[in-house]
Amino acid sequence: MEIQVNEEGKTKILSLEGKLDLANAAKLKESVIALLNEGKTQIHLNMKQVDFINSSGLGALVSLMKEVRVHKGRLTLSDLAPYVNEIFEITQLSHVFEIYKTNDEALASYNTVMTD
Amino acid sequence: MQLDKLYDLEEKIFELETRLEGKSQEVRSLANIATVITSILDIETVLSVAMENSIRQVGGEVGALLISENGVLTVKVAWGVDVSFVEKLKYKDNLDIARFCLKNKQSIIENDCSHIFPVDIPVHSFIAAPIPAKSAEAVIIIFNKENGKGFSVADRESLNMICRFTSISLDNTDLLNTQLEKQKMDQELSVAREVQATLLPSSMEFEGLQLASTYIPARQVSGDYYDFIPIDKNRILFLLGDVTNKGVPAALVMTSVHAIIHAYVNSKLPIRVTDIICQLNDILCNDVIKGREMFITLFMAFMDLKEGTMEYCNGGHPPPFYYRASKKLTQRLKPGGTLVGQFAGLPYRSTKIKIFPGDRIFTYSDGLIEAENRAGELYGLDRLEEFFKAGIMLDAKRFDNVVKEEIERFSVGSREESIDDFTTLVVDVLKEEKKKSFEFVYRSSLDNLQQLYLDLASVIDEYNIGEKLAKSLNVTISEAVTNSIIHAHKYDESKKVILKMSLNKKQLVADILDEGKCCSVSTIKDHDLNVGFLAEGGRGLGLIKKLSEEVIISLRPTGGLRVRIINILKDK
């Protein structure tokens, strides 16, 4: 899995590409935990290039969310492919994650929260 | 003197005014008659209104309106006079008044009939005028001017005018009736067309064959008929016939042929094409066609896919083309007897051949080979055979389409009456499709997941699986394989996960086999998606169940688990 990291204000944007399965879950977890340890606690995952996710991938995301909460940060997702979105719906995890349609919407939400 | 002149003038003016008044009354009354007559659209009413108004307008005692129907002149409306009376009045040229009037196409006035008719006939004057309608030949005759003087030129003008109004109305009515009749006929024909369409086979599916056909009636209904009747899962009867002529008579015979053949098949008699054709021939000769100049040409074949044979009989039909794939040869399937429905008791012979996967039979109606081009040249059998050979690499449906296009192209600009019913039936014997099954083996390492996705892609490609199922297969199978690696094998790379996949009809079965030490499936079976929101694991089996048609988990005889994931392949 390819992970590209960008920054927008205080938010780290991770653009993921490939299959989010057990083999790739570890890499994602490592990347995010490294950021958290640097004090970057606003994490956005752009899932546009993720064409596949299974329970291992979901498990990794749940684990990351819990980790972010410990660091009092925020984890957001955007640009879920239809099939990936369906998996989120089936597993009801769509109710747990903050999922935005687009990257911009997700980033705007951080700004809104900041000005509040 | 001057005063006298003045009186004279005054009298003349008075007279003129009176005449003018009379004329304008006459015109008004004629205008009324015109309005009434031309507004009626029922022949009987038009005629009786015309008669009544004519009598009143010209001031006659009695009258009659005669009309010529199929060359016979009959009294349609008799006004105070009896029919035989009018017909026996000979006038000139040994013709009665009506015939004379029709022949000369002009009105007649006779104010002195004493020298024309016998003395005992109480007719002293008459006026007659033809009704100049296109749709009917008719005459109005009025006898005896009421005032005893005789009919005037003005009366003639009035009567002529009424006759003209009547003719307009008759023609309108006739036009309307023709149109209504045509409309009704069209409606009935379009129902007939629907009925006929239901007689044609509704399904073109038969396992082991690819069937394609086109059916284009030249008119609303057609004398062409094609059918394929599955007898059981290996045997099918198919045929294509063409009743002589087009349109309704041909369609009626076609429906009989359909009924006779289906009755035979339903009777559970052994299916032999010659028996069916002989019976069809006899029934058509004795009960349906009965010596009319009609018949049907018919090609009938009975295919047994299990036996790999086709028995056919050609009853005077243009020869179907048969392509034998193994020899790359095309042959014409020649007659086994003459046309059907003209000679009762005739014998028919059948021919039985071996058929093989890849073979094609192409049957058609004569509308194809008798298609004409702009120059009046026929498409012909040889050209069709060449086209058949050239199109052999296309599948049945595609070939059927290009034949239609070819004939359409050929007959661009041809005479309309040269267009005949157009029917084709293409039967391809399909190659036996043995979909291969797959087996993949993976060591218990996550590094192998990438290989798994590649393997799945090749299966998806081979089985031609649609996008949605392809995606869920990626999830469910990787899920099961991951489970085996983590839970059953605990990353022990010496243990293998086996994936077997096969497609049977539309059922896609994937077995994921592991070498773990599970001894009870009951604890695993109950896994579902209800693990709470924040659980990191435990969703795998729930997802598999949710995304698959059926999941069966069982213990392998050698130990370990078998997870069977079943999906139904839908048409793309």
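Everything quoted here is computed from the prediction, not taken from an experiment.

**A word on the overall build of chain B**
Moving on, step 1. Counting its regular elements, chain B contains 14 helices and 21 strands.
Moving on, step 2. Relative to the 2.2 N^0.38 estimate, which gives 25 Å for 572 residues, the radius of gyration of chain B is 44 Å and therefore markedly larger than a compact globule would have.
Moving on, step 3. Considering only C-alpha atoms, chain B reaches an extent of 155 × 70 × 45 Å along its principal axes.
Moving on, step 4. Residues classed as buried in chain B amount to 47% of the 572 residues present.
Moving on, step 5. At a minimum sequence separation of 6, the contacts of chain B that also span at least 24 residues come to 66%.

**Structural notes on the overall build of chain A**
Moving on, step 1. For chain A, the helix and strand inventory stands at four helices and five strands.
Moving on, step 2. Beginning at the N terminus, the succession of helices and strands in chain A can be written as β-β-α-β-α-β-α-β-α.
Moving on, step 3. For chain A, the C-alpha radius of gyration of 13 Å lies close to 13 Å, the compact-globule estimate for 116 residues.
Moving on, step 4. Within chain A, buried positions represent 54% of all 116 residues.
Moving on, step 5. Of the contacts formed within chain A by residues at least 6 apart in sequence, a portion of 68% connects residues at least 24 apart.
Moving on, step 6. On chain A, roughly 5400 Å² of surface is accessible, and the fraction owed to carbon and sulfur atoms is 46%.

**Focus: helix α9 (residues 381-390) of chain B**
Moving on, step 1. Listed in full, the buried residues belonging to α9 of chain B are L384, E385, F387 and F388 of chain B. Down the axis of α9 of chain B, the smallest arc covering the buried residues is 165°, so these residues share one side.

**Things to note about the interface of chain B and chain A**
Moving on, step 1. Across the boundary between the two partners, chain B contributes 23 residues, which contact 26 residues of chain A.
Moving on, step 2. Surface buried jointly by chain B and chain A totals about 2100 Å² across both partners, of which 67% is contributed by carbon and sulfur atoms.
Moving on, step 3. Sorting the residues of chain B by area buried against chain A places F533, L534 and E536 of chain B first, and these three jointly supply 30% of that buried surface.
Moving on, step 4. In this assembly, chain B and chain A are joined by one salt bridge.
Moving on, step 5. In this structure, K468 of chain B and E86 of chain A form a salt bridge, with 3.2 Å as the shortest nitrogen-oxygen distance.
Moving on, step 6. Taken together, the links from chain B to chain A amount to five residue pairs in polar contact (both at pLDDT 80 or more).
Moving on, step 7. Listed by contribution, the elements that provide at least two residues to the side of chain B that touches chain A are α11 (449-462), α12 (467-488) and α14 (540-547) of chain B.
Moving on, step 8. The element that contributes the greatest number of residues to the side of chain B that touches chain A is α12 of chain B, accounting for nine residues.

**Things to note about the pairing of strand β4 (residues 126-131) of chain B**
All names here are of chain B.
Moving on, step 1. Of all six residues making up β4, six are buried, and the element is well covered by its neighbours.
Moving on, step 2. Going residue by residue along β4, you find F126, A128 and P130 tucked away on one face and I127, A129 and I131 tucked away on the opposite face as well.
Moving on, step 3. Taken together, the six bridges between β4 and strand β5 (residues 137-145) define a ladder with antiparallel strand orientation. Bridge pairing in β5 links I131 to A138.
Moving on, step 4. Between the end of β4 and the start of β5, which pair antiparallel, lie five residues.

**Focus: the sheet that holds strand β6 (residues 205-206) of chain B**
Residue and element names in this part refer to chain B.
Moving on, step 1. Reading across from one edge, β6-β7-β16-β15-β12-β13 is the order of the six strands in this open sheet, with antiparallel pairing throughout. The open sheet terminates on both sides in strands that have one partner only, identified here as β6 and β13 (329-332).
Moving on, step 2. Pairing analysis gives three bridges linking strand β12 (residues 321-324) to strand β15 (residues 360-364), with the strands arranged antiparallel. Opposite Y323, over in β15, you have R360 as the bridge partner.
Moving on, step 3. Strand contacts of helix α10 (residues 396-410): β7 (209-216), β15 and β16 (422-429), with the helix running at about 25° to β7, the strand carrying the most contacts.

**Some words on the pattern of salt bridges**
Opposite charge on two side chains permits them to pair, given that their charged atoms come into close proximity.
Residue and element names in this part refer to chain B.
Moving on, step 1. One pass over the structure, following the stated rule, counts 24 salt bridges over all chains.
Moving on, step 2. The closest approach of N and O atoms between K76 and E44, which form a salt bridge, is 3.9 Å. Here K76 is found in strand β2 (residues 72-79), whereas its partner E44 is found in helix α2 (residues 43-58), with 32 residues between them in sequence.
Moving on, step 3. Note on K76: relative accessible area 30%, which makes it partly exposed.
Moving on, step 4. One salt bridge in this structure joins E386 and K389, with 3.9 Å as the shortest N-O distance. Remark: K389 and E386 occur in helix α9; sequence separation between them is three residues, near one turn of the helix.
Moving on, step 5. A single salt-bridge network, built from bridges that share partners, covers R332, D382, E385, E386 and K389.

About the cut-offs
Residues numbered from 1 in each chain as written. Chains lettered and ligands numbered in written order. Predicted model: local features only at pLDDT ≥ 70, side-chain atom pairs only at ≥ 80, totals over all residues. Heavy atoms only, no water. Helix = DSSP H or I, 4+ residues; strand = E, 2+ residues; numbered from the N terminus. Rg over C-alpha atoms; globule rule 2.2 N^0.38 Å. Buried < 20%, exposed > 50% of the residue type's maximum accessible area, 1.4 Å probe, protein only. Contact = heavy atoms within 4.5 Å. Areas by Shrake-Rupley, 256 points an atom, 1.4 Å probe, with all protein chains shown as cover. Arc of directions from axis to C-beta. Buried area = accessible area lost by both parts, 1.4 Å probe. Salt bridge = Lys/Arg side-chain N within 4 Å of Asp/Glu carboxyl O. Polar contact = N/O pair within 3.5 Å; in protein donor to acceptor, adjacent residues only side chain to side chain. Pairing = 2+ DSSP bridges. Axes fitted to C-alpha atoms, helices over the stretch in contact; angles between N-to-C directions.

By themselves, these are just geometric observations and shouldn't be taken as functional.
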